[in-house]
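This is what each chain is made of:
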Amino acid sequence: GGGSDARSPHVSAADEAVCVGPPASGSSYLDVGRVCRAAELTGADGVHPGYGFLSENADFARAVEGLDVTDPTDGDGDGGPRTAAKSGRKVRFVGPSSSAIDAMGDK
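None of the values given here were measured: they were computed from a predicted structure.

### Some details on the overall build of the chain
Next, step 1: Along its length, the chain carries 4 helices and 4 strands.
Next, step 2: Counting all 107 residues of the chain, 26% fall into the buried class.
Next, step 3: Pairs at least 24 residues apart make up 53% of the contacts formed inside the chain by residues separated by at least 6 positions.
Next, step 4: Total accessible area on the chain is roughly 6,800 Å²; 53% of this is exposed by carbon and sulfur atoms.

Below, the structure is given as structure tokens:
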């Protein structure tokens, strides 16, 4: 896998990269569920929505604000897949709160 961004500079510079779907943005970057699952599975501290796309979507901000993340280690130390155990730590939406986005309304 890896998609069309796999060799992009921003992916190479990242500490960790997760393929969220095929190149079509509606099936990847605009799919709230896929983006949220990637944040949960990696133990992300925060999610930046980028510019455009999901940056003005209050439902996306709300979804991120409600996420609990998994422990960023694999849990048993064997180097295998991460466990599904939640750490109780919330993911931060890096942008205005969902209530602020609601208050701004649509363009």
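There's plenty left to go through after this.
### Things to note about the environment of Arg62
Next, step 1: Within the fold, Arg62 resides in helix α3 (residues 58-65).
Next, step 2: The exposure class of Arg62 is partly exposed, given its relative accessible area of 36%.
Next, step 3: The spatial distance from the C-alpha of Arg62 to the C-alpha of Ser99 is 8.4 Å, given a sequence separation of 37 residues.
Next, step 4: In contact with Arg62, not counting residues within four places along its chain, are Ser98 and Asp102.

### Topic: the nonpolar core
Next, step 1: Val47, Phe60, Val64, Val91 and Phe93 are the most contacted members of the largest nonpolar core, which totals 15 residues.
Next, step 2: Secondary-structure elements contributing two or more residues to this core are α2 (32-42) and α3.

### A look at the pattern of salt bridges
Next, step 1: This structure, assessed with the given rule, holds 5 salt bridges.
Next, step 2: As a salt-bridge pair, Arg62 and Asp102 come within 2.9 Å of each other at their nearest N and O atoms. Of this pair, Arg62 sits in helix α3 while Asp102 is found in helix α4 (residues 98-104), placing the two residues 40 residues apart along the sequence.
Next, step 3: A salt bridge links Lys90 to Asp68; the shortest N-O distance between them is 3.1 Å. Of this pair, Lys90 sits in strand β3 (residues 86-90) while Asp68 sits in strand β2 (residues 68-70), and the two are 22 residues apart along the sequence.
Next, step 4: Judged by relative accessible area, Lys90 falls into the partly exposed class, the value being 46%.
Next, step 5: Among the charged side chains, a salt-bridge network with shared partners connects Asp59, Arg62 and Asp102.

The rules we used
Residues numbered from 1 in each chain as written. Predicted model: local features only at pLDDT ≥ 70, side-chain atom pairs only at ≥ 80, totals over all residues. Heavy atoms only, no water. Helix = DSSP H or I, 4+ residues; strand = E, 2+ residues; numbered from the N terminus. Buried < 20%, exposed > 50% of the residue type's maximum accessible area, 1.4 Å probe, protein only. Contact = heavy atoms within 4.5 Å. Areas by Shrake-Rupley, 256 points an atom, 1.4 Å probe, with all protein chains shown as cover. Core = buried A, V, L, I, M, F, W, Y, C linked by side-chain atoms within 4.5 Å. Salt bridge = Lys/Arg side-chain N within 4 Å of Asp/Glu carboxyl O.

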